[in-house]
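# Summary of structural features
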Amino acid sequence: MKTLFIALLSALLLISAPMTASAHGALSEMVSIIIHLNHYPTADDKKVLAEIAADPQATAGDKIIAGALMRMRHRVEGADADALRKLANNDATPASEKELATILLGIAHHPSSRDVAKLKAIAQ
């Protein structure tokens, strides 16, 4: 019985590990892009963001954030800003996604030093 329990637990951990790594990877990538943001994401950043937006394992929030960040020019506007506001105000949204959405909504050209400190805290 103990062996069966350990086998099942191991299988569950192996199944869930890629999802956790992927979600954390997407978050880390977006945090890094935002920290280094200067007016708009670079071409390389946009490739990473497009991959996140297309990743079936990424959360809906990750996809919204990645898309808004990918399309931003100096600031997030229009439908992307509306989607980020909804994400930030949704009680079901994870805290890290709420924080990223809020930070993106407040960016004008580049993140403030206060935002960079928040982003570094999220990355840890």
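Residues numbered from 1 in each chain as written. Predicted model: local features only at pLDDT ≥ 70, side-chain atom pairs only at ≥ 80, totals over all residues. Heavy atoms only, no water.

### Topic: the confidence of the model for the protein chain
Mean pLDDT over the protein chain: 84, with 81% of residues reaching 70 or higher. Helix α1 (residues 2-35) is the least confidently modelled element of the protein chain, averaging 57 in pLDDT, while helix α4 (residues 78-89) averages 97, the highest of any element. This model gives residues 4-23 a pLDDT under 50, and the stretch forms five contacts once residues within four places in sequence are excluded. (pLDDT = per-residue confidence, 0-100. Helix = DSSP H or I, 4+ residues; strand = E, 2+ residues; numbered from the N terminus. Contact = heavy atoms within 4.5 Å.)

### A look at the pattern of salt bridges
Taken as a whole and judged by the stated rule, the model has three salt bridges. Of the charged contacts in the structure, one is a salt bridge between Asp 82 and Arg 85, with a shortest N-O distance of 3.0 Å. On the criterion of helical spacing, the pair formed by Asp 82 and Arg 85 is a turn pair, its members being three residues apart in helix α4. Taking the relative accessible area as the measure of exposure, Asp 82 reaches 42% and is therefore partly exposed. Under the relative-accessibility criterion, Arg 85 is labelled partly exposed at 42%. The partner of Lys 118 in a salt bridge is Glu 99, and the shortest N-O contact between them spans 3.8 Å. One end of the pair, Lys 118, is in helix α6 (residues 113-123); the other, Glu 99, is in helix α5 (residues 95-106), with 19 residues separating them in the sequence. Since its relative accessible area comes to 31%, Lys 118 is described here as partly exposed. (Salt bridge = Lys/Arg side-chain N within 4 Å of Asp/Glu carboxyl O. Buried < 20%, exposed > 50% of the residue type's maximum accessible area, 1.4 Å probe, protein only.)

### What about the environment of Ala 50?
Relative to the assigned elements, Ala 50 resides in helix α2 (residues 43-54). Since its relative accessible area comes to 36%, Ala 50 is described here as partly exposed. On a C-alpha basis, the gap between Ala 50 and Lys 63 in space is 8.9 Å, while along the polypeptide they are 13 residues apart.

### Remarks on the nonpolar core
Core analysis: the biggest nonpolar cluster contains 28 residues, and Ile 34, Leu 69, Leu 100 and Leu 104 have the highest contact counts within it. Broken down by secondary-structure element, the contributors of at least two residues to this core are α1, α2, α3 (60-71), α4, α5 and α6. A per-element tally of this core places α1 first, with six residues. Among all residues touching Leu 69, those that are not within four sequence positions of it are Met 30, Ile 33, Ile 34, Leu 37, Pro 41, Leu 49 and Leu 104. (Core = buried A, V, L, I, M, F, W, Y, C linked by side-chain atoms within 4.5 Å.)

### Brief notes about α5
With twelve residues, α5 ought to run about 16 Å at 1.5 Å a step, and its terminal C-alpha atoms sit 17 Å apart, in line with that. Where α5 is concerned, the buried positions are Glu 97, Leu 100, Ala 101, Ile 103 and Leu 104. When α5 is viewed along its axis, its buried side chains cluster within an angular range of 165° and face the same direction. With respect to the buried face of α5, the exposed residues turned more than 90 degrees away are Ala 95 and Gly 106. (Expected span 1.5 Å × (residues − 1). Arc of directions from axis to C-beta.)

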